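Residue strings, one per chain:
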Amino acid sequence: MACKSRRKSCRTLPLPVAALLFALCAPAVLADSPLVDFDRMGKVGLAGAFAGLDVASNSSSITFDPSTASLLARSSDGALSKVASTNAGGSIFSGCTLGDAFYVAGNFSSIGGTSASNIASYSPSSGSFSALGSGGPNGAIHALFCDASRKQVWAGGQFSSPGASVAVWDTASSSWSAAPFGGLTGAAAEVLSITTNSSQSSLFFSGSFISSFGNGSVALNGTNNPNVPFSSGATPFSSSLVPVPLENVNADAGPASSDAQFNNVQNIFCPAGGDGPGNTWLAADGNKAVITVRKFSFLTARGIRLGNTFLDGRGTTAFSVATIPDNAVRQLHYVDPTDNQNKTCTDSCPLLTDSSVPYQDFLFDSDLDITGFQLTLSEWQGAGPGLHILQLLSSGAFASSIDSQNGQSCFAPGPSNTTRTGTWQEKDTDTSIPGTTQAVLVSTLDVGTPAASAPSFTWMPYVSASGEYEINLLVPGCTNFQDCPLRTSVKVTVFPGGGQQPWVTTVSERNTGDEATLIYRGPIVPSSPSFQTTISLTLADQPEGDGQDGKYELVADRVQLVLTSANITSGSNSSSSNSTGAAQRGFGFLEWPLSGSSTTTTASSAIPTSAITSLDSVGFDLLNALGGASSVASSPAPVIAAVAHHESGAIFLGGQFSLTSGSASGTSNIAVFKNGALAALPNGGLNGPVTSLVAVGDNVFVGGSFTDTAQASNKALKGIAAYSVSGNSWSALEGGVDGAVTSLDNSDNQVLVAGNFTQLLTSSGAAAGENAAGFAAWDITSSSWVNSGGFIVGSMTFVGNGTSSTPQFVAGSVSTSLRFGASGFVMLQNGDGGEPKVTPLGVQFDSTTSNSTASAKTRRSHHRRAGAGWIPSLNVLNMFKRQTTTTTLAPLPSAAPAPAPAVLAGAFWTNNTSAKELVVIGGNFSYSAGGVHAQNVAIYDPDAKTVTALRGNQPNGTVRSVLVKGNTLFLGGEFTVGGIDGSGFAVYDLAGERWDSAGLQSLQAASGASVSVRSITASPANDGVVFVAGSFAQAGSSPCRAICALDTTTMRWSALGNGIQGDVATVVYAGPNKLVAAGSIALADSTHANVAAYTISNSTWDPVGNGADLPGPVTAAEVNDGSIDSVFAAGRTSDGSSPFLYFWNGQSWNSVGSTLQGSTDVAQLVMVPLQNTHDGNDIVQADRVLLVSGSLSDSSFGNASSALFDGRGFTPYVVSTSDSGTPGTVASLFHSFTSIDFTQRHFLATGVVILISIAIAAGIVFLLALIEILWTLFARRDDKVNNYDNGDLDVDDDSTHRPSSLLEHINAATRSTILGSSPFGPNAEKEAGYAAAAGAGAASAAAAAQDDPFNGPDASNYLRADTPSDALGGGLGPEEPSRPAYARYSFQGEGEGELPVRAGQELEILDDRDDAWWYARDARTGQEGVVPASYVY
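Calculation notes
- Residues numbered from 1 in each chain as written.
- Predicted model: local features only at pLDDT ≥ 70, side-chain atom pairs only at ≥ 80, totals over all residues.
- Heavy atoms only, no water.
- Helix = DSSP H or I, 4+ residues; strand = E, 2+ residues; numbered from the N terminus.
- Buried < 20%, exposed > 50% of the residue type's maximum accessible area, 1.4 Å probe, protein only.
- Areas by Shrake-Rupley, 256 points an atom, 1.4 Å probe, with all protein chains shown as cover.
- Polar contact = N/O pair within 3.5 Å; in protein donor to acceptor, adjacent residues only side chain to side chain.
- Disulfide = S-S within 2.5 Å.
- Contact = heavy atoms within 4.5 Å.
- Core = buried A, V, L, I, M, F, W, Y, C linked by side-chain atoms within 4.5 Å.
- pLDDT = per-residue confidence, 0-100.
- Pairing = 2+ DSSP bridges.
- Axes fitted to C-alpha atoms, helices over the stretch in contact; angles between N-to-C directions.
- Salt bridge = Lys/Arg side-chain N within 4 Å of Asp/Glu carboxyl O.

With respect to the overall build of the protein chain
Reasoning step 1: Looking only at helices and strands, the protein chain has 13 helices and 91 strands in total.
Reasoning step 2: When each of the 1433 residues of the protein chain is scored for burial, the buried share is 55%.
Reasoning step 3: When the accessible surface of the protein chain is totalled, it reaches about 56800 Å², and 49% of it is carbon and sulfur.

Observations regarding the environment of glutamine 1164
Reasoning step 1: Relative to the helices and strands, glutamine 1164 resides in strand 82 (residues 1161–1169).
Reasoning step 2: Residue glutamine 1164 is classed as buried on the basis of its relative accessible area of 16%.
Reasoning step 3: Between the C-alpha atoms of glutamine 1164 and leucine 1229, which are 65 residues apart in sequence, the distance is 7.9 Å.
Reasoning step 4: Reaching out from glutamine 1164, the side chain makes a polar contact with the backbone nitrogen of leucine 1229 at a distance of 2.7 Å.

Some points on the state of the cysteines
Reasoning step 1: Considering all chains together, one arrives at 5 disulfides under this definition.
Reasoning step 2: Two residues, cysteine 96 and cysteine 146, share a disulfide whose sulfurs are 2.0 Å apart. With the S-S bond torsion at 60°, the cross-link from cysteine 96 to cysteine 146 turns out right-handed. Taken together, the residues span a long stretch of sequence, with cysteine 96 in strand 6 (residues 91–98) and cysteine 146 in strand 12 (residues 140–147) at a distance of 50 residues.

Comments concerning the environment of phenylalanine 362
Reasoning step 1: Mapped onto the elements of the fold, phenylalanine 362 is located in strand 26 (residues 360–381).
Reasoning step 2: Its relative accessible area of 0% is what places phenylalanine 362 among the buried residues.
Reasoning step 3: Distance in space between the C-alpha atoms of phenylalanine 362 and valine 335 is 8.2 Å, their sequence separation being 27 residues.
Reasoning step 4: Not counting residues up to four positions away in its chain, the partners in contact with phenylalanine 362 are Gly303, Ile304, Phe319, Leu332, His333, Tyr334, Pro350 and Leu351.

Structural notes on the nonpolar core
Reasoning step 1: Trp154, Phe181, Phe205, Ile291, Phe319 and Leu375 are the most contacted members of the largest nonpolar core, which has 95 residues in total.
Reasoning step 2: Among the elements that make up this core, the one with the highest residue count is strand 26 (8 residues).
Reasoning step 3: Here isoleucine 291 is in contact with Asp252, Ala253, Val265, Trp281, Phe373, Gln374, Leu375, Leu377, Leu387 and Leu390, once residues within four sequence places are set aside.
Reasoning step 4: Core analysis: the second largest hydrophobic core is formed by 44 residues, Val1162, Val1188, Val1226 and Phe1238 among them.

Describing the confidence of the model for the protein chain
Reasoning step 1: Averaged over the protein chain, the pLDDT score is 83; the fraction of residues at 70 or greater is 83%.
Reasoning step 2: Every residue in residues 569–582 is under pLDDT 50, and counting partners more than four places away or in other chains gives 36 contacts.
Reasoning step 3: For residues 597–604, every residue scores under 50 in pLDDT, and the model assigns this stretch 17 contacts once sequence neighbours within four places are set aside.

Some words on the sheet that holds strand 77 (residues 1100–1103)
Reasoning step 1: Spatial strand order, 74-75-76-77: 4 strands in an open sheet with antiparallel pairing. At either end of the open sheet lies a strand with only one pairing partner, and these are strand 74 (1060–1069) and strand 77. Neighbouring strand axes in the sheet, compared pairwise and without regard to direction, differ in orientation by 35° on average.
Reasoning step 2: By the bridge criterion, 4 bridges tie strand 76 (residues 1091–1095) to strand 77 in an arrangement that is antiparallel. Bridge pairing links alanine 1093 to aspartate 1102 in strand 77.

A closer look at the environment of asparagine 683
Reasoning step 1: By the secondary structure assignment, asparagine 683 is in the loop between strand 44 (677–680) and strand 45 (690–696).
Reasoning step 2: Under the relative-accessibility criterion, asparagine 683 is labelled partly exposed at 31%.
Reasoning step 3: For asparagine 683, the residues in contact, after removing those within four places along its chain, are Thr709, Ala710, Gln711, Ser713 and Trp730.

Regarding unusual backbone geometry
Reasoning step 1: Cis geometry marks the peptide bond from glycine 254 to proline 255, where omega comes out at -5°.
Reasoning step 2: Mapped onto the secondary structure, proline 255 falls in the loop between strand 18 (250–254) and strand 19 (281–282).
Reasoning step 3: You will see that alanine 915, though not glycine, has its phi angle at about 65°, which is positive.
Reasoning step 4: For alanine 915, the location among the structural elements is in the loop between strand 60 (902–911) and strand 61 (916–929).
Reasoning step 5: We note that serine 1099 has phi near 55°; this positive angle belongs to a residue other than glycine.
Reasoning step 6: Positionally, serine 1099 belongs in the loop between strand 76 and strand 77.
Reasoning step 7: In this structure serine 1099 comes out as partly exposed when scored by relative accessible area, which is 30%.

A few points about helix 6 (residues 617–626)
Residues three or four positions apart in an α-helix share a direction because the helix packs 3.6 residues into each turn.
Reasoning step 1: For helix 6, a buried count of 8 out of 10 residues is recorded, marking the element as mostly surrounded by other parts of the structure.
Reasoning step 2: Turning to helix 6, its buried residues number three or more, namely Ser617, Val618, Gly619, Phe620, Leu622, Leu623, Ala625 and Leu626.
Reasoning step 3: Positive phi appears at glycine 627, one or two residues downstream of helix 6, with a value of about 105°.

Some words on the pattern of salt bridges
Reasoning step 1: For the structure shown, the criterion picks out 32 salt bridges.
Reasoning step 2: The residue aspartate 367 makes a salt bridge to arginine 302 at a minimum N-O spacing of 3.4 Å. Highlighted residues: aspartate 367 in strand 26 and arginine 302 in strand 20 (residues 289–308), separated in sequence by 65 residues.
Reasoning step 3: We classify aspartate 367 as buried; its relative accessible area is 17%.
Reasoning step 4: Between arginine 1417 and glutamate 1404 there is a salt bridge; the shortest N-O distance is 2.8 Å. One end of the pair, arginine 1417, is in strand 90 (residues 1413–1418); the other, glutamate 1404, is in strand 89 (residues 1402–1407), and 13 residues separate them in sequence.
Reasoning step 5: Using a relative accessible area of 21% as the deciding quantity, one classes glutamate 1404 as partly exposed.
Reasoning step 6: Through salt bridges with shared partners, a single ionic network connects Lys427, Asp483, Arg487 and Glu553.

Here is the structure:
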């Protein structure tokens, strides 16, 4: 189909403009396909049974091989387009963006035809791939991270070169290198995820590996704390925790014994002797007791130590602990000395009454920041409860800058100490915990002070026992202290002792909120019972910030030692069972600061302990919780596949693992690290592997291969789930998905989900739901599945953010993909370059409906039924004309299959309340989300992308036709509505939101058949009538068959004339007075007429042509240009073997669709306007084409869902596919404009319009000038020359020649108007002086000096002296002499101030300073005036 674009517009323009426009018109001229003009149809909808759709030109050459991995680009509207595929057997696992390049990695040898080993870069601008040099990873790559600040790409996977499991590509040097660390060995030795922390300052590596840290061989003393008496109720870990001094706390205990020797609770905080008077507290006999301890400042506690009393058979047997200020009853962990088993308790914790167990230690889940606690002694033996020991255990050890807070701990030889240099002052403020205050020391110094000269502060905390410790520097936030501008950074040095090297850390104190910064991790071994670790603080070598008023402020608060392990010589987390070297190992997790050391270690060497960060304890704890190095060496090895750092600071870990010890013992496949320890998620985690995590706001979305929590609680957690951080609870994404999720991404408040699944389940336990083969989108705001924008059938392995031009990329094994995905409906409008802009349905319909869909029964013979009853509106004369015989008709072809979800019809409706133009759609679908439950009909808001259901019962069956008139909705199809009689037709009040069946009689089917309404149209002749057509025998008591008229005011049915026989598939109109019905039809007199015309004005039916000329029943028809002599009809032959498309030219039916193949089913024909043109012909005009829709197969282009027919041939236009990848069907195109104006109105670009306007304006000016010249020539023709001898003239002075510069005449007449200047040029003031001389005073002279003497073309208001002598008398001097001259031509001089002359007349020129007009005097008469300069010589 050759199309012509706006050529006529170009030809009709002047040559220069046409040349300019050629370049603008050229692209359209070269267009080789018709461009449908949707904008001239208003809003346009396209409905059908499809899940994916594209314009044929975009997808005709795109194929997919599921044995390869395909990379797809996803645009901002979700549309998908193929980028490239790998070699057969290849896989794509990851990708990231650096600048304008997208890096894609996996396990492949080529991609997009470019040889590349496992990784390549893609340039969206050029559309090309590039390999990344040589020496890259020699194995599969599972994870990529693009570091924009350093222009590096980090790759993680399972490879050995250039580094073990991790490699780095430097874009500046275009080279590969190993990671700047080693030690990732063991387990499966693979990295599966590389992500960044929330501040993007560190990288998190996760996978299946062991990270090894070490400083070499340093001899360590393994001494346990000799000061703490042994008890089988404690562990080496708990007995190493230094108790918090409680001598200065506020303590209250009661009801207490009345015996003064036993009622002071302070005596048991650190008893001076054995169980007895002055060292024991007893409650009042027979009473439960409560002991409350408050300290109105921060306390960091790890647990509580209780020693029972055994006096007189008394003792506590059960208790509970609540922390203050949250008043939460805590779960406690303890070792039961009776069986040496680890146990937990909460409300009623047992306390032994065995005197061989002097005390028991009960630990919290993790370290807690509290201000006190409340101990309830709830059960007892003997006369009442009591205690001999009550101590609060710290996290390990501690020291404060405030000496009064460094009390001596129980069992300690002395308190923690501090020293300082320079001046330090105490500063107090409130804290975030209500009712508590905080005191710190601060020192002020001048900006520019050298670090060596700056004040310093040193803590020397008492450490009771050897172990692995983390030391944190607590820095209070500057906001509470209101000193943020003064804050800077400090250098902190830790001397752990034992011959180990000091740790030096630079810490910023400019934090606004309270922070704890790790300053050391490793072993601390007390060398004596009074051993103290030393931590010093001073000004950093390069201080941060500018200070305030030339001053810096240093802040010293507290140091906190957190015991992580009491065993430093053996165990699962040491380098070997007999090693005496300092080494730590972790599993599956490593934090690496991006600003860390660039020193590269060998792959087998340990990571320096100086590289340990506070979050590396995640890996340490994981290794311990998994059972040690021997446990992770088993096959299959546990895996940490995904990590997400939540904004709260919590780190979520997902994979395939089961924790058997520690604080998160019993959790599976997902855990969280918070408050310095691993913690379990509700219900023991998940019952299957986790592959991906993404944190969005309060939620962490989890993808994987699970179906519920580990302790079954929610069967809707299939493949994907959401965890609320604040609520500590799981929630489902409707019913989940029916397969595994492999990758998650967050974009525009949507969670993008990729994996190996086929459906989105609607509810828990549902077996089916919305079709989504491998890719889906969850809208976080509406909490529902929404249209992802594109269409895929495949098993997807990756989705991730892309470049600025391509927001996302999706990858996996693809069988089919189309640019747009939609549940049976899209909207169309003109797009860039004239191509259609497709906007898919914004929601996802379910793939099944909850009703039993009725199907229309196709009949091979039709039997008319006699009318029953008296019908008042019946035309008696017509009744007797009707034939009582029937004729055998070929069955109407069944409609193309429309499996759910399918939209088959629609109409636009303007909601008067909201003033929005909405779409009412009908078909075979269901939708349930956000409290909306719609079935087979719905109201869609294309702007908000939301669906509203009709109130009341939903249609049970398939809706095939929709009409909206005002606020009334008419529905037709094969359905029933609960509470409404009949089937196939219903009326709904859109404004009143109710079914409107009052007075409406139902349609009735013939015997053995069911009602099917296929067409509902508004009468063009009567606004109160709609025509309903399809398969039925009568309407109520009106014997109208196949088509009836409904009076919308009275809701009464009436027949159309004598009526017809058969079944109607479609109704169109040939002007306002003629209805055209098509289907399997015979007239009342049995005349075959599969296309028949009904004249509304006289109620008569006529066949359109000879019915025998059409080879079979018609399924679709269209009238071109409103003419009954231009009709298209499509259908199938009577035997159903082949399709046809015929054209009625007013004389005969002729086949025009000979290339259509046997599987074609045409559902609709509609004429559509074009933006461009084609070569018009007798069938279709140049400004339009026929859109043929359905399920098409053509010998020239293959399969399509819609094609454009220009009278000569077909052009494929729309291709669609079903959920399974088979060809889809387009059922209808509908639009908001009632009628279409096919007249083309071409509009040029703004710049071109301006150029044309300038050209037209110039032409008008030129034309006006030409008219003026011609007028001058005719008005001032030469007078006859009397008394003049032509022989006296030179050749150049011949009076028969007209002047060559006549434009000067016009110039003189218009100069004052255009330029605002005098025609006398630069001497205008002097000419004004002439006028002033003729005046009577100075005022007249001033006015004359400002006025233009030539305001009109004839200078009629030129004020001048009567004679030159008068002028001279007014000041004209001798420097202005006159000279003689002669008139070359005659000048009539009819204007005021003009001097009439004849050719050859002698003149005296008085003023010749103006180029156009001279002031002259008639030498004979003395008369003066102006004459044209060109008329004088």
